[in-house]
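# Coordinates in review
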Amino acid sequence: MKKYYFYIDDSGTKEYAKNKEEYSNKGNTRYFCFGGVLLEHAVSARLGENIARLKKQVFGTSDVEIKSNWLRIKKERDSRYLIPYKLSEKDLTKFTYDLFDIISDSDLLLISAIVDKIQMQESYGENAWYAPAIVYEILLQRIVQQVDYPDEVSVIIDDMDGATPKGNQYKKNLKEHHLKLKKNGSMLQRGINFQSLGKQSFKNSALSHHIQVADIIAYNVYRQFVEYGEAWEDSINKELPTYAWLEKLSHKFRNNDGRIQGFGIIKMPIINRIKWAIK
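An account of the accompanying structure is given in this report. Everything numeric here is computed off the predicted structure, so don't read it as measured data.

Next up on the list: the pattern of salt bridges. In this structure the tally under the stated criterion is 14 salt bridges. For K67, the salt bridge goes to E65, with nearest N and O atoms at 3.8 Å. Through salt bridges that share partners, R30, D116 and E230 make up one connected network.

Next comes the structure, spelled out in structure tokens:
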């Protein structure tokens, strides 16, 4: 029996707005995404060691949290990386490329799920599933199809606080959802075997190199849809416009004969199925 770990982080806001005009990239976002990285036990350990080694080379310590937003926004780059560690922009850029190289060279699998909240509301109205719930379920559908029983996969999620407008706790909701999937399987697609699904746990991303990788995946998929969301289901396109940083890791996403749509990047709801594949 092999032991696997699936690390998850999110990007975008969780709540629905009352009308679509209220969504914005700087406020309540149209898209919500869970990004994840699947690793076998031994590979997981090596990935952590390689990232820790790179951080120590660049920052002098491995206790540095990497977040996509902090690498992207100048104010955050200055306050979190450049000033405290006396780095230049060139140093930090090289670190980013080297980190992507480590991810690219590792024997891992990337899987991400994203919700278009406007389309969910248009399609399902008040019956639209809560965004974290829908992406969690469709992600775990793929995970248990990837990891066959008797192999087992544990799920580790970035620790989160806060509550829904109805007062339900995010973490409590995901814990209950996980247990229901283990017991009853998927409500959205019957017949999927969830026997390989192991325990769920939460961990502070500052203490996990692996969740920081999941943050990179979640953010890059999120940015793909912010920049080119309409193109995802536009059959006129012969080639999908791709966010540059996502393209660097596109070959690491779960796929079926190169097809990534529905396998490595799953969008809900599906309006027009386009079989995007990696060249």
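To continue, consider the side chain of Q200. Mapped onto the elements, Q200 comes out in strand β5 (residues 197–203). According to the relative accessible area criterion, Q200 is buried, its value standing at 17%. Among the polar contacts made by the side chain of Q200, one reaches the side chain of Y136 at a distance of 3.0 Å. At 3.0 Å, the side chain of Q200 and the backbone oxygen of L174 are in polar contact.

Our next topic: unusual backbone geometry. For the bond from Y149 to P150, the omega torsion is 20 degrees, close enough to zero to count as cis. If you trace the backbone, P150 turns up in the loop between α6 (131–146) and β4 (152–158). With an omega of -10 degrees, the peptide bond between M268 and P269 qualifies as cis. Mapped onto the fold, P269 is located in the segment after β6 (265–268). Positive phi, normally seen in glycine, also occurs at K86, with a value near 55 degrees. Mapped onto the elements of the fold, K86 is located in the loop between α3 (74–82) and α4 (89–105).

Cut-off values and rules
Throughout, residues of each chain are indexed from 1 in the direction in which the sequence is written. Only residues with pLDDT of 70 or above have their local features reported here, since the model is predicted, and side-chain atom pairs are shown and tallied only from 80 upward, although totals for entire chains, interfaces and linings are computed over all residues. In computing side-chain properties, one takes all heavy atoms of the structure into account and sets aside hydrogens as well as water. Any carboxyl oxygen of Asp or Glu within 4 Å of a side-chain nitrogen of Lys or Arg constitutes a salt bridge here. Per the convention used, a helix needs a DSSP run of H or I reaching at least four residues, while a strand needs a run of E reaching at least two, with both numbered from the N terminus. Think of it in three bands: with a 1.4 Å probe and only protein chains considered, a residue is buried below 20% of the maximum accessible area for its type, exposed above 50%, and partly exposed in between. Identification of polar contacts relies on pairs of N or O atoms within 3.5 Å, with a donor-acceptor requirement for protein atoms, meaning one able to donate a hydrogen and the other able to accept it, and with residues adjacent in sequence counted only if both atoms are side-chain atoms.

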